[in-house]
Structures are given as C-alpha cells and as structure tokens.
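# Observations on chain architecture
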Amino acid sequence: MSFLFVALGGALGALGRYAISLIPIRADFPILTLATNILGAILIGFVVGFAGSREGVSENAVLFWKTGVCGGFTTFSTFSLEAFNLLESKRYLAGGGYIALSVACCIVGIVCGKKLAMLILQ
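For clarity, every value in this text was computed on a predicted model and none was experimentally measured.

Attention shifts here to the packing of aromatic side chains. By the definition in use, this model includes 5 aromatic pairs. Relative to Trp 65, the ring of Phe 64 lies with its centre 5.2 Å away and its plane at 85 degrees, an arrangement referred to as edge-to-face. Within the aromatic cluster, the residues linked to one another by ring pairs are Phe 29, Phe 76, Phe 79 and Tyr 98.

Set out below in structure tokens:
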C-alpha cells in the first residue's frame, strides 16, 4: 500500500513541476529550476517539521508528501545537468553562482519550511 501513496504523491509532484515549467519566463539562467528546488526544499522542510512534532502522523502521509510529492516535484537531476552545461560552456560565474544559490537557498528553504510548520502548529 505504501507504494501507492508514493506513486500518487509522485504524480502530483511531477504535475506541479510541469506546471512551473510552463511559466513564460525567458532567461539565460535556469531560474524556474532554481525556484522549483527552493520551493521543494521549503515543502520537504515543512513536511519533516510537521511530522516530527505531531504524534499520529501516518507513515503513509509522510511517504505521500516527502517521498512522493517532493521527489516528483524537485528537479535535482535537471539542476545537475544545467550546472554542468553552464560550466561546460565556460560560464563559470553563472555555473558557480547557480550551484551556490541552489545549495544555500534550499538549505535555507528547509529551515523556513520547518519554522513555518512550527508557527502553524502553535
């Protein structure tokens, strides 16, 4: 049964990711992937913060949100390819900036998501 929760969450996450990719932004920088990864980090931080502070949160709910939705939504493999492409094309400042921003902002996103969960639970 847990596979079903992961699959349904993954489908929802993938649809969310696809919807973001349709936003008509033209840029020479992978801003939509960066935004998706930051939003995914906030969401997974919220899920972990919420589940960790509430008794009775079902394992299937955590699987649905954390493994399913967040796993289907975030785009780390796309991030890696885009970072590689920037570096390969000798755009070292853009590539390094993209890598640094992605990692730093997503870690901050985890903290924000956990804090948001705590605020809502009070």
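Before going further, it helps to examine the environment of Ser 21. Its place among the elements puts Ser 21 in helix H1 (residues 2–21). We classify Ser 21 as partly exposed; its relative accessible area is 35%. When the C-alpha positions of Ser 21 and Thr 36 are compared, they lie 8.9 Å apart, and in sequence the two are 15 residues distant.

Taking 1.5 Å of rise per residue, 23 residues should cover 33 Å, and helix H2 (residues 31–53) covers 33 Å from first to last C-alpha, within 8% of that figure. Where H2 is concerned, the buried positions are Leu 32, Thr 33, Leu 34, Thr 36, Asn 37, Gly 40, Ala 41, Gly 45, Val 47 and Gly 49. Those residues of H2 hidden inside the fold are in contact with H1, helix H3 (59–73), helix H4 (76–88) and helix H5 (92–121).

Right, let's talk about the nonpolar core for a bit. By size, the foremost hydrophobic cluster in this structure holds 6 residues: Leu 34, Phe 79, Ala 83, Leu 86, Ala 94 and Tyr 98. Secondary structure elements with two or more residues in this core: H4 and H5. Once residues within four sequence positions are removed from consideration, Phe 79 is found in contact with Thr 33, Asn 37, Tyr 98, Ile 99 and Ser 102.

So, how was this worked out
- Residues numbered from 1 in each chain as written.
- Predicted model: local features only at pLDDT ≥ 70, side-chain atom pairs only at ≥ 80, totals over all residues.
- Heavy atoms only, no water.
- Phe/Tyr/Trp six-rings, centres within 6.5 Å; stacked < 30°, edge-to-face > 60°.
- Helix = DSSP H or I, 4+ residues; strand = E, 2+ residues; numbered from the N terminus.
- Buried < 20%, exposed > 50% of the residue type's maximum accessible area, 1.4 Å probe, protein only.
- Expected span 1.5 Å × (residues − 1).
- Contact = heavy atoms within 4.5 Å.
- Core = buried A, V, L, I, M, F, W, Y, C linked by side-chain atoms within 4.5 Å.

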